[in-house]
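A closer look at the structure
Residues per chain are reported as follows:
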Amino acid sequence: MTTKQPAGVNYLDDNAPIKKLYNGIDELKNVIPLDSDRNRLSFCLNLYLNKEIATVKEAIHQAQPRSASVDFGVLEDLVSKKLKEKGL
């Protein structure tokens, strides 16, 4: 019996929009301490950037980051600021 090699990891360039998005949301570790909540939020914000979700607020409500230390209104302001900082 043979075993196949695992699939290689395809690393993205730091200038790729999705990489900027995930890195920007990862900078909010002090507000959203759980990695899974930040990743889920980044996924939903990617849907927002691809116009599958209408607003940042809807993306946050869909992601439901339960570990967030601030309410969703404040989080919306922080996320919008991060998106502008990253040029998204």
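All of these numbers come straight from a predicted model, not from anything done at the bench.

1. Observations regarding the overall build of the protein
Scanning the protein from N- to C-terminus turns up four helices and zero strands. Along the protein, helices and strands appear, N-terminal first, in the series α-α-α-α. In terms of overall dimensions, the protein has C-alpha extents of about 55 × 25 × 25 Å along its principal axes. When burial is assessed residue by residue, the protein has 31% of its 88 residues classed as buried. Positive and negative side-chain charges in the protein, numbering 13 and 12 respectively, have mean positions lying 2 Å apart.

2. So, the side chain of Asp 37
Relative to the assigned elements, Asp 37 resides in helix α2 (residues 35-49). The class for Asp 37 is buried, based on a relative accessible area of 4%. When near neighbours in sequence (up to four residues on either side) are disregarded, Asp 37 contacts Ile 32, Gln 64, Pro 65, Arg 66 and Ser 67.

3. Some thoughts on the environment of Leu 34
Summarising the element assignment, Leu 34 is placed in the loop between α1 (17-26) and α2. On the accessibility criterion, Leu 34 (46% relative accessible area) is partly exposed. Spatially, the C-alpha atoms of Leu 34 and Ser 67 are 6.3 Å apart, while their sequence positions differ by 33 residues.

4. Focus: the nonpolar core
Membership of the largest hydrophobic core comes to 18 residues, with the highest contact counts inside it found for Ile 25, Leu 41, Leu 45, Leu 75 and Val 79. Counting residues per element, the ones that place at least two in this core are α1, α2, α3 (56-63) and α4 (72-85). Filtering out sequence-adjacent residues up to four positions away, Leu 45 remains in contact with Leu 21, Ile 25, Val 56, Ala 59 and Val 79.

5. Points about the packing of α1 against α2
The N-to-C vectors of α1 and α2 enclose an angle of 140 degrees; their axes lie 9 Å apart at closest approach. Compared by their axis directions, α1 and α2 come out oblique. For the pair α1 and α2, the sense of crossing is right-handed. Residue-level inspection shows Ile 18, Leu 21, Tyr 22, Ile 25 and Asp 26 of α1 in contact with α2, the latter providing Arg 38, Asn 39, Leu 41, Ser 42, Phe 43, Leu 45, Asn 46 and Leu 49. When its residues are assigned to classes, the contact of α1 with α2 shows eight nonpolar, three polar and two charged.

6. As for the pattern of salt bridges
On inspection of all chains with the given rule, the structure shows seven salt bridges. A salt bridge links Lys 29 to Asp 26, with the nearest nitrogen and oxygen atoms 4.0 Å apart. The class of Lys 29 is partly exposed, set by a relative accessible area of 47%. Through salt bridges that share partners, Asp 26, Lys 29, Asp 35 and Arg 38 make up one connected network.

Conventions we followed
- Residues numbered from 1 in each chain as written.
- Predicted model: local features only at pLDDT ≥ 70, side-chain atom pairs only at ≥ 80, totals over all residues.
- Heavy atoms only, no water.
- Helix = DSSP H or I, 4+ residues; strand = E, 2+ residues; numbered from the N terminus.
- Buried < 20%, exposed > 50% of the residue type's maximum accessible area, 1.4 Å probe, protein only.
- Lys, Arg positive; Asp, Glu negative; His and termini not counted.
- Charge placed at Lys NZ, Arg CZ, Asp CG, Glu CD.
- Contact = heavy atoms within 4.5 Å.
- Core = buried A, V, L, I, M, F, W, Y, C linked by side-chain atoms within 4.5 Å.
- Axes fitted to C-alpha atoms, helices over the stretch in contact; angles between N-to-C directions.
- Parallel < 35°, antiparallel > 145°, perpendicular 65-115°, else oblique.
- Left-handed = near helix turned anticlockwise from the far one by under 90°.
- Nonpolar A, V, L, I, M, F, W, Y, C, P; charged D, E, K, R; others polar.
- Salt bridge = Lys/Arg side-chain N within 4 Å of Asp/Glu carboxyl O.

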